[in-house]
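Working through the structure, step by step
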Protein chains: 4
Amino acid sequence: MLRFLTAGESHGPSLSVIVEGLPSGLAVREDELAGELARRRLGYGRGPRMRFEKDELRLIGGVRHGRTLGSPIAIEILNTEWPKWETEMSPHAGAPSTVLTKPRPGHADLAGMQKYGFDDARDVLERASARETAARVAAGCLAKALLARLGTSVLSHVVALGPEQADTGVRPGPADLEQVDASDVRCFNSEAERRMVSAIKAAAKDGDSLGGVVEVLVYGAPVGLGSHVHWDRRLDGLLAQAFMSIQAIKYVEIGEGAAGTARRGSDAHDAISWDAETGTYPRATTRAGGIEGGMSTGGLIVARVGMKPLATLNRPVLGTVDVVTKQETKSFKERTDVTAVPAMGVVAETMAALVIAGEAIRKFGGDSLAEIVRNHDGYLASLSDEPPSSAAAAGGV
Amino acid sequence: MLRFLTAGESHGPSLSVIVEGLPSGLAVREDELAGELARRRLGYGRGPRMRFEKDELRLIGGVRHGRTLGSPIAIEILNTEWPKWETEMSPHAGAPSTVLTKPRPGHADLAGMQKYGFDDARDVLERASARETAARVAAGCLAKALLARLGTSVLSHVVALGPEQADTGVRPGPADLEQVDASDVRCFNSEAERRMVSAIKAAAKDGDSLGGVVEVLVYGAPVGLGSHVHWDRRLDGLLAQAFMSIQAIKYVEIGEGAAGTARRGSDAHDAISWDAETGTYPRATTRAGGIEGGMSTGGLIVARVGMKPLATLNRPVLGTVDVVTKQETKSFKERTDVTAVPAMGVVAETMAALVIAGEAIRKFGGDSLAEIVRNHDGYLASLSDEPPSSAAAAGGV
Amino acid sequence: MLRFLTAGESHGPSLSVIVEGLPSGLAVREDELAGELARRRLGYGRGPRMRFEKDELRLIGGVRHGRTLGSPIAIEILNTEWPKWETEMSPHAGAPSTVLTKPRPGHADLAGMQKYGFDDARDVLERASARETAARVAAGCLAKALLARLGTSVLSHVVALGPEQADTGVRPGPADLEQVDASDVRCFNSEAERRMVSAIKAAAKDGDSLGGVVEVLVYGAPVGLGSHVHWDRRLDGLLAQAFMSIQAIKYVEIGEGAAGTARRGSDAHDAISWDAETGTYPRATTRAGGIEGGMSTGGLIVARVGMKPLATLNRPVLGTVDVVTKQETKSFKERTDVTAVPAMGVVAETMAALVIAGEAIRKFGGDSLAEIVRNHDGYLASLSDEPPSSAAAAGGV
Amino acid sequence: MLRFLTAGESHGPSLSVIVEGLPSGLAVREDELAGELARRRLGYGRGPRMRFEKDELRLIGGVRHGRTLGSPIAIEILNTEWPKWETEMSPHAGAPSTVLTKPRPGHADLAGMQKYGFDDARDVLERASARETAARVAAGCLAKALLARLGTSVLSHVVALGPEQADTGVRPGPADLEQVDASDVRCFNSEAERRMVSAIKAAAKDGDSLGGVVEVLVYGAPVGLGSHVHWDRRLDGLLAQAFMSIQAIKYVEIGEGAAGTARRGSDAHDAISWDAETGTYPRATTRAGGIEGGMSTGGLIVARVGMKPLATLNRPVLGTVDVVTKQETKSFKERTDVTAVPAMGVVAETMAALVIAGEAIRKFGGDSLAEIVRNHDGYLASLSDEPPSSAAAAGGV
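Okay, so let's go over this structure. (Residues numbered from 1 in each chain as written. Chains lettered and ligands numbered in written order. Predicted model: local features only at pLDDT ≥ 70, side-chain atom pairs only at ≥ 80, totals over all residues. Heavy atoms only, no water.)

Once chain A has been moved 0.0 Å along the axis and rotated by 180 degrees, it coincides with chain B to within an RMSD of 0.0 Å. The transformation relating the two chain copies, once decomposed into turn and shift, fits a two-fold axis. Minimal C-alpha distance to the rotation axis in chain A is attained by Gln241(A), lying at 2.3 Å. Taken together, the interface assignments show that 100% of the residues at the interface of chain A recur at the interface of chain B, consistent with an identical surface on both copies. (Least-squares fit on C-alpha atoms with pLDDT ≥ 70 in both. Contact = heavy atoms within 4.5 Å.)

Right, here's the structure in full:
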């Protein structure tokens, strides 16, 4: 069982994550973690904070001499701007210099203040901020490292940004990730990329923000992750929660998703074939997104994740109420990006990797990397064995 | 903490569900359970099984003299067709009369056979079948009973069926549920209903199947269910998993969902206002679907859930492979419906009710109904109290 | 991950258990389940109910043609006395003929009434009763079946009954279980058995009850179940919870337990040796009870579990208060046994088997019996391989 | 739901803990955390490390201006000796200067090496070390702070050290904690204290170690924590796991525990009385240890926790095998204490506080301190209300 907890406020001294349940013997390198965190800052249209964030890392548990010990892994991501915030966000007795009483529509501010009994929106927004995803990305980097040893890789690319969509006829493969990351908006289609950048420029000029959609692709996942036997073990359900839990996500689909709901059944599924050479049952299409009956089919896993436009704008247009005076007003402003969709893709990869790795650990067991790989390989080998003779004898239907 | 396990195969002797974590003192009536199970069989386009299924119930634990004891509640839903299946599905030593070796695309069949080492698809499909949702609906009926005592109600209506869509400008309220259920396709718009029925007839004639989309509405949920503080406590994530875990669901959105991703931020959020009379902060729009920062806002919760067309067709068109001979063939046929979208709405209500009730229990605690209601009411009363003077003193921003 | 929920009241229509997480392909026979349930009724000093309880079983999910499907397994254990209780315990609206308002000291009665807001102790005691352990035993029988396939077996024997103790110098092995069960008090020492039976007779004559201590032995558990890496993964902690959760248990120890706390460190541990033939590290002693650092060592696991004397007596001596009148009185009387220690041993075996099987599933993964056995065997084989050369090169200390 | 994860190796840069599920508005002071950590170092017979350990703290999440935010709380406890260990325990690529190949009996060393595939015992022992309990104590300090606001306090005192026992006739109350901590061995009986110190001196002289027993007392816990309704919700089971999970614990008992198993039922329970003034049902005895039916009774909770003598000795007497050469030898030596029993008591308090606080959060719900206190107080008030008239009408038995 893979589990993790994150902690830390957006402008606190640091973020922290503890990941429990990874096998021993997995190579972990700080520069890989740093590289993955840098990917989370990618994308045209990010605000100045992305430049300040250097994501200084500390590996404080679970790793010795470059590989995991099987014990919980703790990673701290320091806030390089902490000196500026030390008073405002101090853990020690004190008081805020400014109390934020004009909650922003579209944010956790108001519901959080009511739920937790706060009169200062900062007590909510500091944790609700997407800065928290840096801690998830660190955890996800470990999950990706494990998956790599099982032949599985996860990537994402932007397929819609604001009103601009990209044709998804050609999907990037594992080898194309560098090219996707090199794109200003993490789009695999350069014509669409140009349109998206223009849309961002236009929104920026108006002090406005943009949402969009990312496609997540998982290559090489073995057949049989997740399960049909109980609702909370279905892989699509686990992925849906993981994606929807990302800040500002309002929409998740697997395979053809919404489009598929309008098809007829005769035209909505992936025919099964047989490849004697590999001993597998390939599909020519990905309508089901690589998940049938809540289980991975062994084919490409495809999901799309949609993000609403950021609710913090660079101009004050969103109507709200001051919770003290009850007067109508405009919401306060925190420094913000025009869009975070390209970066959100990296977070969505992270969540997919954590889910898939968790299910792989569940299926293959194993406390050391060698053991999980041995079990994984033994399972794959068993799949291409001859069918049990009982079936042959009974005569199939 | 509310938890439940379901068991039982589609053609086994019965389905079973155990629900743990409900308070004592909640009124439970078998006819209400039966009524809710009957709603799961609603909808034009269901196959003959829906008529056989009488869903005979047995309440075998946790309820005494018509109210809950706080102990786990066990409900058994008998399969009235069991005598016909007793040999084929016997728990005792024996053998199947027919081995299903031609897995159906779009179903759990193939992945399940590989994962669990079966050579007979029936060993998978019996559990993967949506018949299992009857057990969930029984559990959900208990959750709805609790929510009713907290002033919260859940309903659903069909907004798309195959290619036909319904205008969702006018949403049914809690009082309209009977009208929705009376519709042949559980659609609140009679013009769209006619088109949908026609589409079903056309598909039936072709031996084909249809998917569609349901909108789930939660009225009266208090502000502050779910939480922004940790990814796995976000209400939208919990709902997304619960919905996506329903058989054949490929798509989930909250509020404006996909449409909202293409808007600009200035036009994508729900302005906050103040209603002095009720002491609440109402919103005129439902773009966020009643969830901000992973928490309920106190407004209407809106989600849409999309189902692919059923993968079991009444004519053999889906290409597959016989797992024994490895020859290409058409998949076997189980008795099926043309569409199950209207019924799926009832299951989606169920999953929403279980999630919302679970979060209410988490927030309000309480072992008896009286205690949870007292805590709930105390919380709501506290929200309309005067703001803490500290905020007033510091001067809001 | 192995999980299970039980439901049902002592005099309700039946008990129910759902077990989720067992692999497919495991042989399950109703007569083995019935046999294990019959063992739970063993022991001199049981009341008449033990004769009424026939534990009629129904396997209603998860098993087809004599082996598991990987899906949740549901078992119902019918109450053969139900007709007598149908009115008093009806799930339908009605009222008790008698309201029990004189809670028994030592039982859940009073705390349960206060927690759940009841005025009738029956609303508590029906679930708090040890009758519930029949459902656990059914689940545990499945766990034992899995463990048997991994070469692991669990047994118990009574080592103290009331004031009478048995010398535990000679422990029963797996082959001795029948002999233990044949003993009137499930004691492996016939001299002690005689003393124990006399003690029971004496207590019975006085209308009194007796407690005692059971030793649980797990043979053949592989090294490395549980883990030192996190507090809630320690095998001893998991066992302690499982044992202490049995009704009336007040005391759990591993290995030498209490006696070991008074030793010096030089005399309190199990020296490690090497057996080249088996490639294992045997220990001549069992002071640690086969668990070091929260992990199984590969040796015999030894635990002792102590039960207080039953709090329901056949004569009214325990002082209590009528919760309505607040007058001092004697507690009401339910039909009872003089002692349930011999039977408790079977329940303790059950809980041990569920914990050990759960940890085996966690370590070895696997969705089918073949897969879990393959992974288990691969692990054991890897342990007797040559040590990694790196250690040899570095020069051990 | 209260949950927490700890991370960090004994000689790593720091320990880390994240606690999720505490309400907002709880006062947290670093000096209180530091004070509690200092208590964990108490006791005659500790080695030199206890003087080096200053337990420098960093509060890195979840606390702002001296009170909790409801978000996860992260605490880092720095290892002041880190510079000495930086190379040996570096997370970066490298190699140990010394490979420990002679596992110590009684420790996690050998089982951990086999489970995780290590050839260096340090890869296991660093995490298995009781140093990890410092992270638990930090978490427990937060739990104690919450309990204090609910009128509940937890303390411990040593009742046996090696062969020396203390009369437990007089138990320390909440006000006596300072006196207990001032004792060299955290014993409330000065005569026994003297004998215990002598025993430690004698063992120290022989290079040997001592175990012992601690009694944990919880004052002021409300009636109804835990539950009889499901095995894994019983308070005694939860406490047993929590205690047994502490390093070197082999023995847990509730109330009279082992001694009670030898009594007769007429003499083994706590008679119930009525106190009209407080509206409670007090007991004159604590035989059940304040837990009946898996629930707190509202009385004093009493548990005893037994620790085996430390397995690391200051002289090499424990026989082991070099895992490389397979030669018999003596186990390697880490710096150690003669006894850690007095400090273990503080860890046992910690685990009790975490369990009790977790159950209080479960019962009372609430996201802010004000809400949980309001719910708690409302529950207590409801208990002393008049009994429901239905009971009076029916006529109690």
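Resuming the write-up.
So, on to the sheet that holds strand β1 (residues 3-7) of chain B. Residues and elements named next belong to chain B. Strand order in the open sheet formed by four strands is β1-β2-β7-β4, and the pairing between neighbours is antiparallel. If you trace the sheet from one side to the other, it starts and ends with β1 and β4 (56-61), each paired once. With strand direction ignored, the average angle separating the axes of adjacent strands in the sheet is 15 degrees. Two strands pair when backbone bridges link them, and β1 and strand β2 (residues 14-20) are joined in this way by five bridges, in the antiparallel orientation. Counted as the bridge partner of Phe-4 is Val-19 from β2. The strands touched by helix α1 (residues 30-39) are β4 and β7 (73-78); relative to β4, the strand with the most contacts, the crossing angle is about 135 degrees. (Pairing = 2+ DSSP bridges. Helix = DSSP H or I, 4+ residues; strand = E, 2+ residues; numbered from the N terminus. Axes fitted to C-alpha atoms, helices over the stretch in contact; angles between N-to-C directions.)

It is worth spelling out the interface of chain A and chain B at this point. Each partner contributes residues to the interface: chain A has 117 residues there, and chain B has 117 residues. In total, about 9,300 Å² of surface goes out of reach between chain A and chain B, with carbon and sulfur atoms giving 62% of it. The tally of links from chain A across to chain B stands at two salt bridges. Salt-bridge contacts for Asp206(A) lead to Arg264(B); the nearest nitrogen and oxygen are separated by 2.5 Å. (Buried area = accessible area lost by both parts, 1.4 Å probe. Salt bridge = Lys/Arg side-chain N within 4 Å of Asp/Glu carboxyl O.)

Within strand β11 (residues 249-254) of chain B, six of the six residues are buried, which leaves the element mostly enclosed by the surrounding structure. As judged from the three bridges shared by strand β11 (residues 249-254) of chain A and β11(B), these two strands associate in the antiparallel manner. Residue pairing for β11(B): Val252(A) is matched across the bridge by Val252(B). Strand direction decides the pairing type here: β11(B) and strand β14 (residues 301-307) of chain B, joined by five bridges, are antiparallel. Following the sheet pairing, Glu253(B) is matched in β14(B) by Arg304(B). (Buried < 20%, exposed > 50% of the residue type's maximum accessible area, 1.4 Å probe, protein only.)

Within a pair of aromatic rings, the relevant descriptors are the distance that separates the centres and the angle that separates the planes. Tallied over the full model, the rule gives 18 aromatic pairs over all chains. When the ring centre of Tyr379(B) is taken as reference, the NZ or CZ atom of Lys363(B) above it lies at 3.9 Å. (Phe/Tyr/Trp six-rings, centres within 6.5 Å; stacked < 30°, edge-to-face > 60°. Lys NZ or Arg CZ within 6 Å of the ring centre and 35° of its normal.)

Right, let's get into the interface of chain B and chain D. Counting from both sides, the interface comprises 24 residues of chain B and, opposite them, 24 residues of chain D. Overall, the association of chain B and chain D removes approximately 1,900 Å² of surface from exposure, summing both partners, and the carbon and sulfur fraction of that is 38%. Interface area lost by chain B to chain D is led by Met1(B), Arg362(B) and Lys363(B), which between them contribute 23%. Linking chain B with chain D are eight salt bridges, by the criterion used here. Of the charged contacts in the structure, one is a salt bridge between Glu20(D) and Arg233(B), with a shortest N-O distance of 2.7 Å. The tally of links between chain B and chain D comes to twelve residue pairs in polar contact (both at pLDDT 80 or more). Contributions of two or more residues to the side of chain B that touches chain D are made by α11 (341-364) and α12 (369-383) of chain B. The greatest single-element share of the side of chain B that touches chain D, amounting to six residues, is contributed by α12(B). Of the residues assigned to the side of chain B that touches chain D, the class counts are five nonpolar, ten polar and nine charged. (Polar contact = N/O pair within 3.5 Å; in protein donor to acceptor, adjacent residues only side chain to side chain. Nonpolar A, V, L, I, M, F, W, Y, C, P; charged D, E, K, R; others polar.)

Residue and element names in this part refer to chain D. The tally for this structure, following the rule as stated, stands at 136 salt bridges over all chains. Glu-76 is paired through a salt bridge with Arg-58; the nearest N and O atoms lie 2.6 Å apart. Taken together, the residues span a long stretch of sequence, with Glu-76 in strand β7 (residues 73-78) and Arg-58 in strand β4 (residues 56-61) at a distance of 18 residues. Ionic pairing is found between Glu-164 and Arg-195, a salt bridge with its closest N-O pair at 2.8 Å.

So, about the side chain of Ser16(A). Among the secondary structure elements, Ser16(A) is positioned in strand β2 (residues 14-20). Leaving out residues up to four positions away in the same chain, Ser16(A) has contacts with Leu5(A), Thr6(A), Ala7(A), Ile75(A), Glu76(A), Ala135(A), Ser16(D), Ile18(D), Ile60(D) and Ala74(D).

So, on to the sheet that holds strand β1 (residues 3-7) of chain A. All names here are of chain A. Strands sit in the order β1-β2-β7-β4 across an open sheet of four strands; the sheet is antiparallel. The sheet is open, and its two borders are formed by β1 and β4 (56-61), each paired with just one other strand. Each strand axis lies, on average, 15 degrees off the axis of its neighbour in the sheet, ignoring direction. The sheet contact formed by β2 and strand β7 (residues 73-78) spans six bridges and is antiparallel.

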